[in-house]
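This is what each chain is made of:
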Amino acid sequence: MINTSTPIYMIDKNKNNIYIKRDDLIPFSFGGNKARKGMLFWKDIKRKKADHIVTYGSSSSNHCRVIANIAAGENIPITIISPKEIEKETFNLKMMRKFGAEFIFCPVAAVSKTIDSTMKNLQSLGKNPYFIMGGGHGNIGTQAYVDCYNEICEYENKKGIKFDYIFHASGTGTTQAGLVVGQLIAKDKRKIVGISIARKCPYGRNVIVDSVREYLGNEVSESDVQNSIIFEDSYVASGYGDSISDIKKYIEIYMNKYGIPLDETYTGKAIDRKSVV
Ligand SMILES: *Cc1c(COP(=O)(O)O)cnc(C)c1O
């Protein structure tokens, strides 16, 4: 198993003392949050002695690349159900093919039916297939970011500091749900701000509420859950992959000044712009 704990350090001494947690440095398949989640899914796959992975995602999906990479390394077959409408020859898709992933491209409207029939088909062949939701959504993905939250707390305790805010890019909401669950368990009062990269309110926010509930059940009050979720949707532009103004400029600043690679779909939308210029 790959160790998924990652470094935190101060980027720059500016008026806000901004620190960064480098989950992009998780040492597996280019890192990132899908690698952190993927390692926990792999643990569960082994525990359940599954012999075939089925998951869902577009041809640009980081989640599907990481899971296909795990499958290749562990020599377990993988089937990826993917929406036909957004089939594109991306580097992730090329890598997934190299990892030996089998693809079923189908219309978005037929995805859930196709997942069901793929699972049933494998079961009827005597297989024990394991399904992972798109983006690594669900309690295991949430757990990955509860763990991440606890790493942040450990760092704070060691250094004798307390972060007032945590900002991050929010897509399927799993990362945000995990951080929020971590905060609710620790009863911390800081603000966790998810910068949405595609979804608008209230949908994007409601998905996070549901994920937090799914993980914590009735352990926490509805008002605590609601108050802990800050979902900022003013950076989505017209949706997934659509750039916001000046994004290239800020990505360049982060690369030139700090050597930190960001991207236009996720982290570039979420980073601080005010204190770096
Ligand atoms: C998937 C992804 C996100 C968003 O994470 P969610 O848990 O889906 O909200 C952010 N950054 C990168 C690079 C991703 O691949």
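The preceding data block contains the structure.
Residues numbered from 1 in each chain as written. Predicted model: local features only at pLDDT ≥ 70, side-chain atom pairs only at ≥ 80, totals over all residues. Heavy atoms only, no water.

Chemist: Can you walk me through the overall build of the protein in this structure?
Modeler: Of the regular secondary structure elements, the protein holds 10 helices and 9 strands. Taking 2.2 N^0.38 as the reference for a compact globule, 277 residues should give roughly 19 Å; the C-alpha atoms of the protein span a radius of gyration of 19 Å, in line with that estimate. On the principal axes, the C-alpha backbone points of the protein span a range of 60 × 45 × 35 Å. Within the protein, the proportion of its 277 residues that are buried is 51%. Considering only residue pairs separated by 6 or more positions, the protein has 69% of its internal contacts joining residues 24 or more positions apart. Surface summary for the protein: the accessible area is close to 13,900 Å², and the carbon and sulfur share equals 53%. (Helix = DSSP H or I, 4+ residues; strand = E, 2+ residues; numbered from the N terminus. Rg over C-alpha atoms; globule rule 2.2 N^0.38 Å. Buried < 20%, exposed > 50% of the residue type's maximum accessible area, 1.4 Å probe, protein only. Contact = heavy atoms within 4.5 Å. Areas by Shrake-Rupley, 256 points an atom, 1.4 Å probe, with all protein chains shown as cover.)

Chemist: Just checking my understanding: could you explain the pattern of salt bridges for this structure?
Modeler: Two side chains of opposite charge can pair, provided their charged atoms sit close to one another. One pass over the structure, following the stated rule, counts 14 salt bridges. For Asp12, the salt bridge is made with Lys257, and the minimal N-O distance between the two is 3.5 Å. Here Asp12, found in strand β1 (residues 8–12), pairs with Lys257, found in helix α9 (residues 247–258); they are 245 residues apart in sequence, far enough to count as distant. With relative accessibility at 24%, the residue Asp12 sits in the partly exposed group. For Lys48, the salt bridge identified is with Asp44, shortest N-O distance 2.9 Å. With relative accessibility at 43%, the residue Lys48 sits in the partly exposed group. (Salt bridge = Lys/Arg side-chain N within 4 Å of Asp/Glu carboxyl O.)

Chemist: Help me out: how do you make sense of the sheet that holds strand β8 (residues 191–196) in this one?
Modeler: By definition, the strands of a sheet pair up through backbone hydrogen bonds, in either a parallel or an antiparallel sense. The strand order across the open sheet built from 3 strands is β7-β8-β9, with neighbouring strands paired in parallel fashion. Two strands close off the open sheet at either side, each with one partner strand: β7 (165–170) and β9 (230–232). Sheet twist, expressed as the average angle between the axes of neighbouring strands with direction ignored, equals 25 degrees. (Pairing = 2+ DSSP bridges. Axes fitted to C-alpha atoms, helices over the stretch in contact; angles between N-to-C directions.)

Chemist: Even after reading the chapter, I still don't get empty space enclosed by the protein, so can you show me in this structure?
Modeler: Think of a ball as big as a water molecule: rolled over the atoms, this probe shows where empty space is left. Under the counting rule described, the total for this entry stands at 1 cavity of 30 Å³ or more. Volume-wise, the largest cavity comes out at about 30 Å³. Sorting the residues of the lining of the largest cavity by element identifies β1 and α9 as the ones contributing at least two each. Its residues assigned to classes, the lining of the largest cavity shows 5 nonpolar, 1 polar and 2 charged. (1 Å grid on protein atoms, 1.4 Å probe; cavity = no way out; pocket = protein on both sides within 12 Å on 5 of 7 lines; lining within 4 Å. Points joined across faces, edges and corners; volume = space filled by probe spheres on them. Nonpolar A, V, L, I, M, F, W, Y, C, P; charged D, E, K, R; others polar.)

Chemist: Sorry if this is basic, but what is going on with the environment of Ile20 here?
Modeler: Tracing the backbone shows Ile20 in strand β2 (residues 18–21). Those residues in contact with Ile20 that sit more than four places away from it in its chain are Pro7, Ile8, Tyr9, Ile11 and Ile260.

Chemist: Help me understand the packing of helix α5 (residues 139–159) against helix α7 (residues 203–216) in this model?
Modeler: To describe two helices that pack against each other, one gives the angle between their axes and the distance between the axes. The geometry of α5 relative to α7 is characterised by a closest axis approach of 10 Å and an angle of 90 degrees between their N-to-C directions. When the interaxial angle is binned, α5 and α7 end up roughly perpendicular. The residues of α7 that touch α5, namely those facing Asn139, Thr142, Gln143 and Val146, are Ser211, Glu214 and Tyr215. Of the residues assigned to the contact of α5 with α7, the class counts are 2 nonpolar, 4 polar and 1 charged. (Parallel < 35°, antiparallel > 145°, perpendicular 65-115°, else oblique.)

Chemist: Sorry, what's going on with the nonpolar core here?
Modeler: Across soluble globular proteins, you tend to see nonpolar side chains buried next to one another. Ile152, Leu179, Leu184, Val212, Val225 and Ile229 are the most contacted members of the largest nonpolar core, which has 26 residues in total. Of all the elements in the fold, those that place two or more residues in this core are α5, α6 (174–186) and α7. Per-element tally for this core: the top contributor is α5, with 8 residues. If you look at the next biggest cluster of nonpolar residues, it comprises 24 residues, including Ile45, Val66, Met96 and Phe103. (Core = buried A, V, L, I, M, F, W, Y, C linked by side-chain atoms within 4.5 Å.)

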